Amino acid sequence: MKIGVYPGSFDPFTIGHLDVLKNAAGLFDVVYVAVLNNSAKSPVFSVEEREEMIDRVIESEGLKNVRSGSFSGLLVDYTKQIGAQYIIRGLRAITDFEYEFQINAVNRHLNPDIRTVYFMANPEHSFLSSSSVREIGEMGGSIEGLVPLCNYHYLRERLARQK
Ligand code: ADP
């Protein structure tokens, strides 16, 4: 069985993330969306809030082979723990590539059996990041169409309260 893990901050989960996830769900038998639990990054949304948003996406998109989870510590350890052989990442621009290039080398060093696969961003989402969603939402701009519809109202109110 081919199992992939799609790790990230997902602070919050955007339609760019959803595009990568749908592509991965079509390719792997099971995909875990794994929220990175890293307090050093000072996330706006708690791990629980991020997992709940991902669960709503899984439910409303009918992604039957996708599960949510979270991890702290090394990604290769979590990947092994859940029995996954692949890490899934998305690439938007050259800046993503440089970062991913380095992370891939580190992960290959730590566990040579795990491979990372990359999906190119849909050109329509190549500008989209969680930080831009947070900034727009906190400043009262419209985040409609940038986040999955099932989380839109929740995020609009939650980010408006954030500023
Ligand atoms: P991280 O902090 O690990 O980079 P993110 O939540 O920012 O976590 O992103 C998780 C993954 O999704 C990364 O591989 C990132 O490049 C990818 N990603 C983020 N936004 C998009 C997008 N708009 N289109 C495609 N991939 C994306």
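Every residue gets a number counted from 1 within its own chain, in the order that chain's sequence is written. Given that the model is predicted, a residue must reach a pLDDT of at least 70 before its local features are reported, and side-chain atom pairs must reach 80 or more before they are shown or counted; all residues, however, enter totals for whole chains, interfaces and linings. Side-chain calculation: all heavy atoms of the structure are included, whereas hydrogens and water are not.

Asks: Got a minute to help me understand the pairing of strand S4 (residues 86-91) in this structure?
Replies: Here is the key point about a regular strand: its side chains alternate between the two faces of the sheet. Looking at chain direction, strand S1 (residues 3-8) and S4 are connected through 2 bridges and run parallel. Its bridge partner being in S4, Val5 is matched across the sheet by Ile87. Orient the strands so they point away from the viewer; a crossover is then right-handed if the path from the first strand over the helix to the second runs clockwise. Only runs of H or I of at least four residues qualify as helices and only runs of E of at least two qualify as strands under DSSP, and these elements are numbered from the N terminus. Read from S4 through helix H4 (residues 94-110) to strand S5 (residues 115-120), the crossover connection turns out right-handed. Strands are labelled as partners when DSSP assigns at least two bridges between them.

Asks: What should I look at first to understand the site of the ligand in this one?
Replies: Neighbouring residues of the ligand: 17 residues in total, closest Tyr6, Ser9, Phe10, Lys41 and Gly90. Between the ligand and the protein, one listed contact pairs an oxygen atom with a side-chain N or O atom of Tyr6 at 2.8 Å. At 2.9 Å, a backbone N or O of Phe10 approaches an oxygen atom of the ligand. Burial of the ligand by the protein amounts to 90% of the accessible area it has alone, namely 550 Å². Contributions of two or more residues to the shell around the ligand are made by S1, helix H1 (15-27), S4 and H4. The rule for a residue being near a molecule or strand is that one of its heavy atoms must lie within 4 Å of it. Contacts described as polar in this section are N or O atom pairs within 3.5 Å, which, within protein, must combine one atom able to donate a hydrogen with one able to accept it, while residues neighboring in sequence count only if both atoms come from side chains. Here the Shrake-Rupley method, with its probe set to 1.4 Å, supplies the accessible areas, and only the displayed protein chains count as covering residues.

Asks: Explain a negative patch on the surface here, please?
Replies: Without a salt bridge and with relative accessible area above 30%, a residue can belong to a patch; like charges are then joined within 9 Å and nonpolar side chains (Val, Leu, Ile, Met, Phe, Trp, Tyr) within 5 Å. In the sections that follow, a salt bridge refers to a side-chain nitrogen of Lys or Arg positioned within 4 Å of a carboxyl oxygen of Asp or Glu. Counted charges follow a simple rule, with Lys and Arg positive, Asp and Glu negative, and His plus the chain ends left uncounted. Just so you know, the charge point we use is NZ for Lys, CZ for Arg, CG for Asp and CD for Glu. A surface patch of like charges, here negative, comprises Glu48, Glu52, Asp55 and Glu59. One can find Glu59 in helix H2 (residues 47-61). Burial classes follow relative accessibility: with a 1.4 Å probe on protein chains only, a residue under 20% of its type's maximum area counts as buried, one over 50% as exposed, and anything between as partly exposed. When its relative accessible area of 66% is taken as the criterion, Glu59 is described as exposed.

Asks: When you look at unusual backbone geometry in this model, what are you seeing that I'm missing?
Replies: Peptide bonds are mostly trans, and most non-glycine residues show a negative phi. In this structure, the amide linkage connecting Asp11 to the following residue, Pro12, adopts the cis form with an omega of 5 degrees. Inspection of the secondary structure puts Pro12 in the loop between S1 and H1. Residues other than glycine seldom take positive phi values, yet Phe10 does so here, at roughly 45 degrees. Structurally, Phe10 can be placed in the loop between S1 and H1. A relative accessible area of 3% places Phe10 in the buried class.

Asks: Can you walk me through the pairing of strand S2 (residues 30-36) in this structure?
Replies: Among the 7 residues that make up S2, 6 are buried, leaving the element largely enclosed by the rest of the structure. In this region the chain leaves S1, passes through H1 and returns to the parallel neighbour S2; the handedness of that crossover is right-handed. Where S2 lies against strand S3 (residues 66-71), 6 bridges are found, and the strand directions are parallel. From the neighbouring strand, Tyr32 faces S3, where its bridge partner is Arg67. Between the parallel elements S2 and S3, the chain passes through H2 in a crossover that is right-handed.

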